[in-house]
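Chain residues, written in single-letter form:
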Amino acid sequence: MTAEADLHGESGTGDDPLPSAWGASRVSRDMADDQRSAASFELMAAVLDGTDLPELLKLVATQARGLAHVPLAFIALPVEDGHMLRIDVAVGADAERVLGLAVRRGKSMLGRAFASRRALSARIVDDQTLTRLPPGPILILPLETGETTRGVLAVLGRPGAQPFGPGTARQLLLYADMAARLVELAVDRRALRAGSAGGHGQGHGEPHPPWGTGT
């Protein structure tokens, strides 16, 4: 039996206790909502301040790690050929170990969440493409802007921890959705400024520039 679960449409109670291994005994839905809102406002402020894209993505991963109370979070983005996803941002334990890891979109849980635009809860042992990651539960969330999927955000629990509860999944889904839209806004603002400086702006209907960390 696989531990993988599709979390799309799962509302949850929002007040389920987080496993003690994550360092939190119980977080009420109101408190979790407040924490998520605070994280979103912090990210919005960074966008308005003109923070560079690599730092914005690092902030997104850092905030997701805090909201989930986990040791590691990362963001995987499509590479140029479009057939692979690469971990370009990672924060927390073993971050250096997983940076740069690339997996095929059609043969990995990361790719499945990216292509389906649906959150995925599983265990690392269920995906042989992620053997460089620490064993434990993983929650993968599409970074969906409303028009396209830019990448995936993932949070990893400690080895032996229980799968992510519906309340945690709900908070992370909401946060990932807001974060993707804010980062997209930042990328569009930067492209508009660059176009204006060069004598032409981004026209209506033109494709949005891709996210890229320069790594």
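Residues numbered from 1 in each chain as written. Predicted model: local features only at pLDDT ≥ 70, side-chain atom pairs only at ≥ 80, totals over all residues. Heavy atoms only, no water.

1. Regarding unusual backbone geometry
1) Next: With phi around 60 degrees, H69 is a residue other than glycine that occupies positive phi space.
2) Next: One can find H69 in the loop between helix 2 (53-68) and strand 2 (72-78).
3) Next: Using a relative accessible area of 23% as the deciding quantity, one classes H69 as partly exposed.
4) Next: Although it is not a glycine, R117 adopts a positive phi angle of roughly 60 degrees.
5) Next: Mapped onto the elements of the fold, R117 is located in the loop between helix 4 (109-116) and strand 5 (120-123).
6) Next: The partly exposed category is assigned to R117, whose relative accessible area is 40%. (Helix = DSSP H or I, 4+ residues; strand = E, 2+ residues; numbered from the N terminus. Buried < 20%, exposed > 50% of the residue type's maximum accessible area, 1.4 Å probe, protein only.)

2. Quick word on the pairing of strand 7 (residues 149-156)
1) Next: Of all eight residues that make up strand 7, eight are buried, and the element is covered over most of its length.
2) Next: Across five bridges, strand 2 lies against strand 7 in antiparallel orientation. Counterpart to I75 in the pairing with strand 7 is L153.
3) Next: When strand 6 (residues 137-144) meets strand 7, the two strands line up antiparallel, connected through seven bridges. If you follow L143 over to strand 7, its bridge partner there is G151. (Pairing = 2+ DSSP bridges.)

3. Overview of the packing of helix 1 (residues 29-48) against helix 2
1) Next: Where helix 1 meets helix 2, the closest approach of the two axes is 11 Å, and the angle between their N-to-C directions is 170 degrees. It follows that helix 1 is roughly antiparallel to helix 2 by the angle criterion. Side by side, helix 1 and helix 2 meet where Q35, R36, A39, E42, L43, A46 and V47 of the first sit next to L56, L59, V60, Q63 and L67 of the second.
2) Next: Its residues placed into classes, the contact of helix 1 with helix 2 shows eight nonpolar, two polar and two charged. (Axes fitted to C-alpha atoms, helices over the stretch in contact; angles between N-to-C directions. Parallel < 35°, antiparallel > 145°, perpendicular 65-115°, else oblique. Contact = heavy atoms within 4.5 Å. Nonpolar A, V, L, I, M, F, W, Y, C, P; charged D, E, K, R; others polar.)

4. Section: the side chain of T145
1) Next: Residue position: T145 is located in the loop between strand 6 and strand 7.
2) Next: At 3.2 Å, the side chain of T145 and the backbone nitrogen of E147 are in polar contact.
3) Next: Ignoring anything within four residues of it in the chain, the contact list for T145 reads R150, A180, R181, E184 and W211. (Polar contact = N/O pair within 3.5 Å; in protein donor to acceptor, adjacent residues only side chain to side chain.)

5. Looking at the pairing of strand 6
1) Next: Within strand 6, eight of the eight residues are buried, which leaves it mostly tucked inside the rest of the structure.
2) Next: Direction of pairing for strand 5 relative to strand 6: antiparallel, over a ladder of four bridges. In the sheet register, R123 faces strand 6, and the bridge partner there is P137.
3) Next: Linking strand 6 back to strand 7 in an antiparallel pair, the connection comprises four residues, with G146 at a positive phi of about 105 degrees.

6. Things to note about helix 2
1) Next: When the terminal C-alpha atoms of helix 2 are compared, their 23 Å separation across 16 residues agrees well with the 22 Å that a helix rising 1.5 Å per residue should span.
2) Next: Looking only at helix 2, the buried set comprises L53, L56, L57, L59, V60, A61, Q63, A64, L67 and A68.
3) Next: After helix 2 finishes, the residue H69 shows a positive phi value of roughly 60 degrees. (Expected span 1.5 Å × (residues − 1).)

7. Structural notes on the nonpolar core
Across soluble globular proteins, nonpolar side chains show a tendency to be buried alongside one another.
1) Next: If you look at the biggest cluster of nonpolar residues, it comprises 37 residues, and the most contacted ones within it are I75, L153, V155, Y175 and W211.
2) Next: Elements with a minimum of two residues in this core: helix 1, helix 2, strand 2, strand 3 (84-92), strand 6, strand 7 and helix 5 (166-197).
3) Next: The element that contributes the greatest number of residues to this core is helix 5, accounting for 10 residues.
4) Next: Discounting chain neighbours no more than four positions away, the residues touching I75 are L57, V60, A61, R86, I87, D88, V89, L143, V152 and L153.
5) Next: With 24 residues, the next largest nonpolar core counts L85, A90, L110 and A113 among its residues. (Core = buried A, V, L, I, M, F, W, Y, C linked by side-chain atoms within 4.5 Å.)

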